[in-house]
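If you want the building blocks of each chain, they are given just below.
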Amino acid sequence: MKTINELISEVAASTAARRRIAAEDHALAVYKAHPKLASLDNDLVEVRKSKLIAAIEHDDKPVPALDAREKQLLLERQSYIKDNNIDPDFEEEKVICSSCGDSGYAKTKDGRTIVCPSCMSGVLEEAFNEAGMSDYSSYTIKAFSFDRFGDAKARKTKFAKVKALFEEEGRKGVAVYSDASCAGKTYLAVVAVKYAIIEAKSAYYLKAEDLERISDEKLDMLKGYRFVAIDDYSAESTFSRRTASALNSLLEARCANGRPTLIVSTSPYEDLVAGSDARISGKILNAERI
């Protein structure tokens, strides 16, 4: 269970290694084609070694001659590179993705940080799967439509409120999104979690029933995620001691850490408050209503 930032870090490290190897291979190819340049650079290395030794030994006598020699070699090198039409930066590492400079992150026009769309599309798909959405590959942001389930204006407002949970700084606590069956709640919740991941935030989607068998390790990880959406919640979910305990522990920790949690349900808000385990009911009572 890796977050988008952990996955990007892994890819960035691999890219850096590839970039370094490519630079070394290119430099070797240039030196092979231009032995004179290789000789000049070797001589420069030896001169700089001698200067370093002189500095360590506090011996200033050879320094003027070494400085003069270094200057001469640099001029010869510059002239050779120009005469032979060699890239002056042939030894430098070249960025592979110009959009993000191989960092894995890009900026939108309004200054928001997002996962680089040019080089991290595959990483995003992996991140979606890692975030509990392997069964929802067809629920894409591109295919998401506000008017698919009726009142487009109301649905757009709900979606904006859900996004605000992870986009606005300082948002914390529990939010409840309650609506009728077949109203597109799951689609909206999944797309919202994907949006959060695209914005380089740790996010996770799960169903209330998953809490019955969730491992302690996974539960602890979710306590620190930037955004978590819990779908298919009902008061009956908390009749299970294990589910109630896990959910209470998760919500308590996330509220304490200032992390917003979205609870999605087909049950009316009042029924969730009245019928849930007392520990959960108190948290839902003070929840924001989407």
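Thresholds applied
- Residues numbered from 1 in each chain as written.
- Predicted model: local features only at pLDDT ≥ 70, side-chain atom pairs only at ≥ 80, totals over all residues.
- Heavy atoms only, no water.
- Disulfide = S-S within 2.5 Å.
- Buried < 20%, exposed > 50% of the residue type's maximum accessible area, 1.4 Å probe, protein only.
- Phe/Tyr/Trp six-rings, centres within 6.5 Å; stacked < 30°, edge-to-face > 60°.
- Helix = DSSP H or I, 4+ residues; strand = E, 2+ residues; numbered from the N terminus.
- Lys NZ or Arg CZ within 6 Å of the ring centre and 35° of its normal.
- Pairing = 2+ DSSP bridges.
- Salt bridge = Lys/Arg side-chain N within 4 Å of Asp/Glu carboxyl O.

Participant: Honestly, the state of the cysteines in this entry has me stumped. Any pointers?
Facilitator: Two cysteines form a disulfide when their sulfur atoms are joined by a covalent bond. Going through the model one piece at a time under the given rule, you end up with zero disulfides. Free cysteine: Cys97, not disulfide-bonded; nearest cysteine sulfur from Cys100 at 3.7 Å. Considering cysteine sulfurs only, Cys100 is the nearest to Cys119, which forms no disulfide, with 3.6 Å between them. Given a relative accessible area of 31%, Cys119 falls into the partly exposed group.

Participant: Looking at this model, I keep getting lost on the packing of aromatic side chains. Mind explaining?
Facilitator: Any aromatic ring pair is given by two values, namely how distant the centres are and how the planes are angled relative to each other. Summed over all chains, the structure comprises eleven aromatic pairs. When the ring of Phe166 is compared with that of Phe227, the centres are 5.0 Å apart and the planes differ by 50°; the resulting orientation is tilted. Of this pair, Phe166 sits in helix 5 (residues 152-167) while Phe227 sits in strand 5 (residues 227-231); the two residues are 61 residues apart in sequence, bridging distant segments of the chain. Assessed through its relative accessible area of 0%, Phe227 is described here as buried. Here the aromatic cluster, defined as three or more aromatic residues joined through ring pairs, consists of Tyr136, Tyr139, Phe144, Phe146, Phe159, Tyr187, Tyr195 and Tyr205. Between the NZ or CZ atom of Lys163 and the centre of the ring of Tyr195, over which it lies, the distance is 4.2 Å.

Participant: Please explain the sheet that holds strand 6 (residues 260-265) as it appears in this structure.
Facilitator: The pairing of strands in a sheet comes from backbone hydrogen bonds and takes either a parallel or an antiparallel form. A sheet is described by the order of its strands in space; here five strands give the open sequence 4-5-6-3-7, paired in parallel fashion. The open sheet has two free edges, formed respectively by strand 4 (203-207) and strand 7 (288-289), since each of these has just one partner strand. With six bridges joining them, strand 3 (residues 173-178) and strand 6 adopt parallel strand pairing. From the neighbouring strand, Gly173 faces strand 6, where its bridge partner is Pro260.

Participant: So what exactly am I meant to see when it comes to the pattern of salt bridges here?
Facilitator: Opposite charge on two side chains makes pairing possible when the charged atoms of those side chains draw close. With the rule as written, the count across this model stands at 25 salt bridges. Between Glu10 and Lys2 there is a salt bridge, with its nearest N and O atoms 2.9 Å apart. Accessibility expressed as a relative area gives 41% for Glu10, which makes it partly exposed. A salt bridge links Glu70 to Lys51, with the nearest nitrogen and oxygen atoms 2.8 Å apart.

Participant: What exactly am I supposed to notice about the pairing of strand 3 here?
Facilitator: Across the six residues that make up strand 3, a large majority, five, are buried. Alignment of strand 3 against strand 7, held across two bridges, turns out to be parallel. In the sheet register, Ala175 faces strand 7, and the bridge partner there is Glu288.

Participant: Which parts of the structure should I look at to understand unusual backbone geometry?
Facilitator: Even without glycine at this site, His58 takes up a positive phi of about 55°. His58 sits in the exposed class, given a relative accessible area of 72%. A positive phi angle is found at Asp102, which is not glycine, with a value near 70°. Note that Asp102 resides in the loop between helix 3 (63-83) and strand 1 (105-107). Classification of Asp102 by relative accessible area gives buried; the value is 8%.

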